[in-house]
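Tertiary structure, described
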Amino acid sequence: MTSEVRILPATAARFDDVAVMVGPKNPGANVCWCLSHRLPAKVHRELQGTERRDAMLELCRRDVAPGVLAYVGDEVVGWAAVAPRAELPVARSRKILPVDDLPVWSIICVRVRPGHRGQGVSHALVGGAAEYARTNGAPAVEAYPVDNRGEKVDLTMAFVGVRSVFEAAGFEMVATTDAVAGGFPRVVVRRTFA
């Protein structure tokens, strides 16, 4: 890592930085805004253009932010979405089944801006998202990354993360899944807090 990475909650006061990380250049475009794995599919499909922006802003206004942002100096360079699994569509997934009844939080998206990849930002994001979950009462945090075994992952599908980054942050693989991303199997990794 070339510079120190700071991790801060994605609050409404930092919404411009959230927009840099997950919003489109054209404000009216129908892009994810990191909502496709947070909202039920029907609700997600119904949101159009700036409604997506407004939905993310509302999430950022809640007491618990929808994720964390990574900064190098004053520049936002990364985003990780984290929330209680029970609030996310993954809780109803038929391909990524719950491991047990523990009320875990889930990291569902990790994104690093071009020009900052390969510098440890994703490692800082994963650790920071886990710490954010812990400080908000999570007994454990999970993620559902690809098990790419060191092979290159298409950046379009890399948002789920790669197993090795999570393991470097203290997560352990606890289950396999029937899910696939970018041609690689996805696994359940978990970090439990004592």
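Note that the structure is a prediction, hence the values are computed from the model and not measured. (Residues numbered from 1 in each chain as written. Predicted model: local features only at pLDDT ≥ 70, side-chain atom pairs only at ≥ 80, totals over all residues. Heavy atoms only, no water.)

1. Some remarks on the pairing of strand 2 (residues 67–72)
Most of strand 2 sits inside the fold, with five of its six residues counted as buried. As paired elements, strand 1 (residues 5–9) and strand 2 share five bridges and run antiparallel to each other. Its bridge partner being in strand 2, Arg6 is matched across the sheet by Tyr71. Bridge analysis of strand 2 against strand 3 (residues 75–84) gives six bridges, and the strand direction is antiparallel. Across the sheet, the residue bridging to Val68 is Ala80, located in strand 3. Hairpin connection of strand 2 to strand 3: two residues between the antiparallel strands, including Gly73 at a positive phi of 65°. (Buried < 20%, exposed > 50% of the residue type's maximum accessible area, 1.4 Å probe, protein only. Helix = DSSP H or I, 4+ residues; strand = E, 2+ residues; numbered from the N terminus. Pairing = 2+ DSSP bridges.)

2. Let's talk about the state of the cysteines
Within this structure, the stated rule accounts for zero disulfides. Free cysteine Cys32: the closest other cysteine sulfur is in Cys34, separated by 5.5 Å. Here Cys34 stays free of any disulfide, with the sulfur of Cys109 as its closest cysteine sulfur at 3.8 Å. (Disulfide = S-S within 2.5 Å.)

3. A word on helix 1 (residues 15–22)
Since the α-helix advances by 3.6 residues per turn, residues separated by three or four positions end up pointing in the same direction. Within the sequence span of helix 1, burial applies to Phe15, Val18, Met21 and Val22. The buried residues of helix 1 occupy an angular sector of 115° when projected down its axis, which confines them to one face. In this structure, the buried residues of helix 1 make contact with helix 3 (50–61), strand 2, strand 3 and strand 4 (105–112). (Arc of directions from axis to C-beta. Contact = heavy atoms within 4.5 Å.)

4. What about the sheet that holds strand 3?
Hydrogen bonds between backbone groups are what pair the strands of a sheet, and the pairing can be parallel or antiparallel. Strand order in the open sheet formed by seven strands is 1-2-3-4-5-7-6, and the pairing between neighbours is mixed. Each of the sheet's edge strands pairs with one partner strand only, and the pair in question is strand 1 and strand 6 (172–181). Neighbour to neighbour, the strand axes of the sheet diverge by 25° on average, direction disregarded. Pairing of strand 5 (residues 140–143) with strand 7 (residues 184–192), which is carried by four bridges, proceeds in the antiparallel orientation. Of the residues in strand 7, the one forming a bridge with Glu142 is Arg190. Set on the sheet, helix 1 makes contact with strand 2, strand 3 and strand 4; between it and strand 3 the angle comes to about 90°. Seen against the sheet, helix 4 (residues 121–135) touches strand 1, strand 2, strand 3, strand 4, strand 5 and strand 7 and runs at an angle of roughly 155° to strand 4. (Axes fitted to C-alpha atoms, helices over the stretch in contact; angles between N-to-C directions.)

5. Thoughts on the pattern of salt bridges
Pairing between side chains of opposite charge can happen when their charged atoms approach one another. Applying the stated rule across the entire model yields twelve salt bridges. The closest approach of N and O atoms between Glu58 and Arg61, which form a salt bridge, is 2.6 Å. One end of the pair, Glu58, and the other, Arg61, are both in helix 3, three residues apart, so they sit about a helical turn from each other. Judged by its relative accessible area of 44%, Glu58 is partly exposed. The salt bridge involving Arg163 is made with Glu167; its shortest N-O contact spans 2.6 Å. Residue Arg163 and its partner Glu167 are located together in helix 5 (residues 163–168), separated by four residues, close to a single helical turn. Note on Glu167: relative accessible area 34%, which makes it partly exposed. (Salt bridge = Lys/Arg side-chain N within 4 Å of Asp/Glu carboxyl O.)

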